[in-house]
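Results of the structural survey
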Amino acid sequence: MSGAPAVPTVRVALVGMGRMGRALASLAPERGCEVVARLDAPEMARGLTRADLAGAQVAIEFTTPETALDNAEALLALGCPVVVGTTGWNAHLDRLEAAVAREHTAALWSPNFSLGVQLFLAIAEDAARRTREVTGFDVHVVETHHTAKKDAPSGTGIAIGERLEAGLGRAVPITSVRVGSVPGTHEVIMDAAFEQITLTHTARDRRVFADGALAAARWLAAGRTAAVYTMRDVLGTSPSSL
């Protein structure tokens, strides 16, 4: 009796070989991905070529907010779909959308690739909607990351704020803390005169982000129509359900 068919390996190029790049390279074989190219700042600065990509079906980009869009545009220009994991650039999302339309190649971005964070966003919005019906609660977001993280507030912090605003009907302040080696902790505080509700998501290891990014890369490599996607698309959810 034959077993289940083997899942084909996806050839991946990594752009940015910092902590996230190394986490991706370490986890990739367990997730059915073969890293065929490791590209860092020197390779990207001299001008990307097809040979540099070594036959990659998709690229995963984790660099800096200053270089992320340039990197994505270079990859798309070569017809390579790209998962953009860098945060802090999405005020210029229209630039990525234009590159995708121009090059007829798909891209995917997310402020956070953790499945738990996707659930947390939905929970936060639902809690905010319920809080809106009760007087006396003040709402605040606190996001904590390692000292090397350059953008503040974090992309996830901003996403949480947007979901809370959708539920509450008003903007919510965000406080950013940069300390030690924290991979990422996000907290929603709903405080009233005599009680407090706290919602917290804690990432214990940056591999949670690598895991989600690799899942996104496998999804994007499956011949997706040229468009800009997010983790909601990967998870097969609609804005109303997650």
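Residues numbered from 1 in each chain as written. Predicted model: local features only at pLDDT ≥ 70, side-chain atom pairs only at ≥ 80, totals over all residues. Heavy atoms only, no water.

1. Observations concerning the overall build of the protein
For the protein, the helix and strand inventory stands at nine helices and 10 strands. Computed over its C-alpha atoms, the radius of gyration of the protein comes to 19 Å, within 12% of the 18 Å expected for a compact globule of 242 residues. In terms of principal-axis extent, the alpha carbons of the protein reach across some 65 × 50 × 35 Å. Per-residue burial over the protein gives 46% buried out of 242 residues. For the protein, long-range pairs separated by at least 24 residues make up 71% of all intrachain contacts whose partners lie at least 6 apart in sequence. (Helix = DSSP H or I, 4+ residues; strand = E, 2+ residues; numbered from the N terminus. Rg over C-alpha atoms; globule rule 2.2 N^0.38 Å. Buried < 20%, exposed > 50% of the residue type's maximum accessible area, 1.4 Å probe, protein only. Contact = heavy atoms within 4.5 Å.)

2. Looking at the pairing of strand S8 (residues 184–191)
As defined by bridge partners, strand S6 (residues 138–145) adjoins S8 across seven bridges and the pair is classed as antiparallel. Within S8, the residue paired with His140 across the bridge is Ile189. Sheet topology note: the S8/strand S9 (residues 196–203) ladder contains eight bridges and is antiparallel. Paired with His186 across the strands is His201, a residue of S9. In this antiparallel pair of consecutive strands, S8 and S9, the connection spans four residues. (Pairing = 2+ DSSP bridges.)

3. Some thoughts on the nonpolar core
Soluble globular proteins: nonpolar side chains tend toward being buried together. Of all hydrophobic cores here, the largest spans 31 residues; its most connected members are Leu14, Leu24, Ile60, Val83, Leu108, Phe113 and Leu220. Residue assignment for this core shows that the elements contributing at least two residues are strand S1 (10–15), helix H1 (19–27), strand S2 (33–39), strand S3 (58–61), helix H8 (207–220) and helix H9 (231–234). Residue contributions to this core peak at eight residues, all from H8. Ignoring any residue separated from it by four or fewer positions in sequence, one finds Leu14 in contact with Gly21, Leu24, Ala25, Val35, Ala37, Arg38, Leu39 and Ile60. (Core = buried A, V, L, I, M, F, W, Y, C linked by side-chain atoms within 4.5 Å.)

4. Focus: the sheet that holds S6
Read across the sheet, four strands follow the order S7-S6-S8-S9 without closing on themselves; strand pairing throughout is mixed. Of all the strands in the sheet, just strand S7 (174–178) and S9 have a single pairing partner and so form its edges. Recorded for the sheet is a direction-independent mean angle of 15 degrees between the axes of neighbouring strands. Note: S6 against S7, five bridges, orientation parallel. Bridged to His145 within S7 is Arg178. Contacts between helix H7 (residues 155–168) and the sheet are confined to S6, S7 and S8, with S8 contributing the most and set at about 25 degrees to the helix. (Axes fitted to C-alpha atoms, helices over the stretch in contact; angles between N-to-C directions.)

5. Structural notes on a nonpolar patch on the surface
A surface patch of nonpolar side chains, about 350 Å² in accessible area, is lined by Leu115, Leu119, Ile123 and Leu235. Looking at where Leu119 falls in the secondary structure, it is placed in helix H6 (residues 115–131). (Patch = residues over 30% accessible without salt bridge, like charges linked within 9 Å, V, L, I, M, F, W, Y side chains within 5 Å. Areas by Shrake-Rupley, 256 points an atom, 1.4 Å probe, with all protein chains shown as cover. Salt bridge = Lys/Arg side-chain N within 4 Å of Asp/Glu carboxyl O.)

6. Things to note about the layout of surface pockets
The computed volume of the largest pocket comes to approximately 830 Å³. In this structure, the largest pocket is lined by 36 residues; those nearest its centre are Met20, Phe62, Thr63, Thr64 and Thr86. Looking at the lining of the largest pocket residue by residue, the classes come out as 13 nonpolar, 17 polar and six charged. The computed volume of the second largest pocket comes to approximately 350 Å³. As for the second largest pocket, its lining consists of 19 residues, and the residues nearest its centre are Trp109, Pro111, Leu121, Ala159 and Glu162. Elements that contribute at least two residues to the lining of the second largest pocket include exactly H6, H7 and H9. It is H7 that contributes the most residues to the lining of the second largest pocket, five residues altogether. Split into classes, the residues belonging to the lining of the second largest pocket amount to eight nonpolar, eight polar and three charged. (1 Å grid on protein atoms, 1.4 Å probe; cavity = no way out; pocket = protein on both sides within 12 Å on 5 of 7 lines; lining within 4 Å. Points joined across faces, edges and corners; volume = space filled by probe spheres on them. Nonpolar A, V, L, I, M, F, W, Y, C, P; charged D, E, K, R; others polar.)

7. Some details on the packing of H1 against H8
Two numbers describe how H1 lies on H8: the axes approach to 9 Å, and their chain directions differ by 65 degrees. Along this stretch, H1 crosses H8, giving a crossing that reads as right-handed. Seen from H1, the contacting residues are Met20, Ala23, Leu24 and Leu27; seen from H8, they are Arg207, Phe209, Ala210, Asp211, Ala213 and Leu214. Considered class by class, the residues forming the contact of H1 with H8 number eight nonpolar, no polar and two charged. (Left-handed = near helix turned anticlockwise from the far one by under 90°.)

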